[in-house]
Amino acid sequence: EFKQESKEAYDRFEKADIYMSAHALSRLPRMNKPGVPRITEKELIEFIKGTPNYREGEKKLVYFDEERSLVVIRNEETGDIVSIVRSKKKKKEWRDV
């Protein structure tokens, strides 16, 4: 069931020209955990289509929304979304884009 749901989610994001890694796909079901603002898949797609705020290391672009406690990490070389996490604070090692 998880594989099928992941495949369907991958296809939905791919239609929006967003490519998700297996790790990012595995994070989707846990995205709306208690204690953080709820976010829909449509809102997530719109967020990813926006501009990254930060850079982490040499290859990672970071999309961060403090109000929604949302962090999306994109591999700059491949363009893939490698992780989606809920966090209220930005990391010290993030550099402005």
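Chemist: Tell me about the overall build of the protein chain, residues and numbers included.
Modeler: On a plain count of helices and strands, the protein chain comes out with three helices and five strands. Mapped in sequence order, the helices and strands of the protein chain form the string α-α-α-β-β-β-β-β. Relative to its length of 97 residues, the protein chain is compact, with a C-alpha radius of gyration of 13 Å against a globular reference of 13 Å. With the C-alpha coordinates of the protein chain rotated into their principal frame, the extents come out at 40 × 35 × 20 Å.

Chemist: Just give me the short version of helix α3 (residues 41–48), but keep the residues and values in it.
Modeler: Among the residues of α3, those classed as buried are Leu44, Ile45, Phe47 and Ile48. Take α3 and look down its axis: the buried residues cluster within an arc of 160°, on one side only. Close packing links the buried residues of α3 with α1 (2–15), β2 (60–65), β3 (70–75) and β4 (81–86).

Chemist: Talk me through the environment of lysine 33; I want residue IDs and the actual numbers.
Modeler: Tracing the chain through its elements places lysine 33 in the loop between α2 (22–27) and α3. Look at lysine 33 and you get partly exposed, because its relative accessible area is 40%. Sequence separation between lysine 33 and alanine 22 is 11 residues, and the spatial gap between their C-alpha atoms is 20 Å.

Chemist: Describe in detail the nonpolar core, supporting the description with residues and values.
Modeler: Among the nonpolar cores identified, the biggest contains 19 residues, and Met20, Leu28, Leu44, Val72 and Ile84 are the most heavily contacted of them. Residue assignment for this core shows that the elements contributing at least two residues are α1, α2, α3, β3 and β4. Here the element with the most residues in this core is α3; it accounts for four residues. Counting residues in hydrophobic clusters, the runner-up holds six residues, among them Tyr54, Val62, Phe64 and Val71.

Chemist: Go over the sheet that holds β4 with me, naming the residues and quoting the values.
Modeler: A sheet is described by the order of its strands in space; here five strands give the open sequence β4-β3-β2-β1-β5, paired in antiparallel fashion. The strands lining the two open edges of the sheet, one partner per strand, are β4 and β5 (95–96). Looking at chain direction, strand β1 (residues 54–56) and β2 are connected through three bridges and run antiparallel. Across the sheet, residue tyrosine 54 finds its bridge partner in β2, namely valine 62.

Thresholds, definitions, all that
- Numbering of residues begins from 1 in every chain and follows the order in which that chain's sequence is written.
- Per-residue local features of the predicted model are confined to residues with pLDDT of at least 70, and side-chain atom pairs are confined, for both listing and counting, to 80 or more; whole-chain, interface and lining totals are unaffected and use all residues.
- The basis for every side-chain value is the complete set of non-hydrogen atoms in the structure, without hydrogens or water.
- To qualify as a helix, a DSSP run of H or I must reach at least 4 residues; to qualify as a strand, a run of E must reach at least 2; elements of each kind are numbered from the N terminus.
- Our radius of gyration looks at C-alpha atoms and nothing else; its globule reference is 2.2 Å times the residue count to the power 0.38.
- The rule is simple: take the accessible area with a 1.4 Å probe, protein chains only, and divide by the maximum for that residue type; under 20% is buried, over 50% is exposed, in between is partly exposed.
- Throughout, the arc means the angular range of directions from the helix axis out to the C-beta atoms.
- For this analysis, residues touch if any pair of their heavy atoms sits within 4.5 Å.
- Nonpolar core, defined: a set of buried Ala, Val, Leu, Ile, Met, Phe, Trp, Tyr and Cys residues in which side-chain atoms within 4.5 Å join the residues together.
- In this scheme, strands are said to pair when DSSP sees at least two bridges between them.

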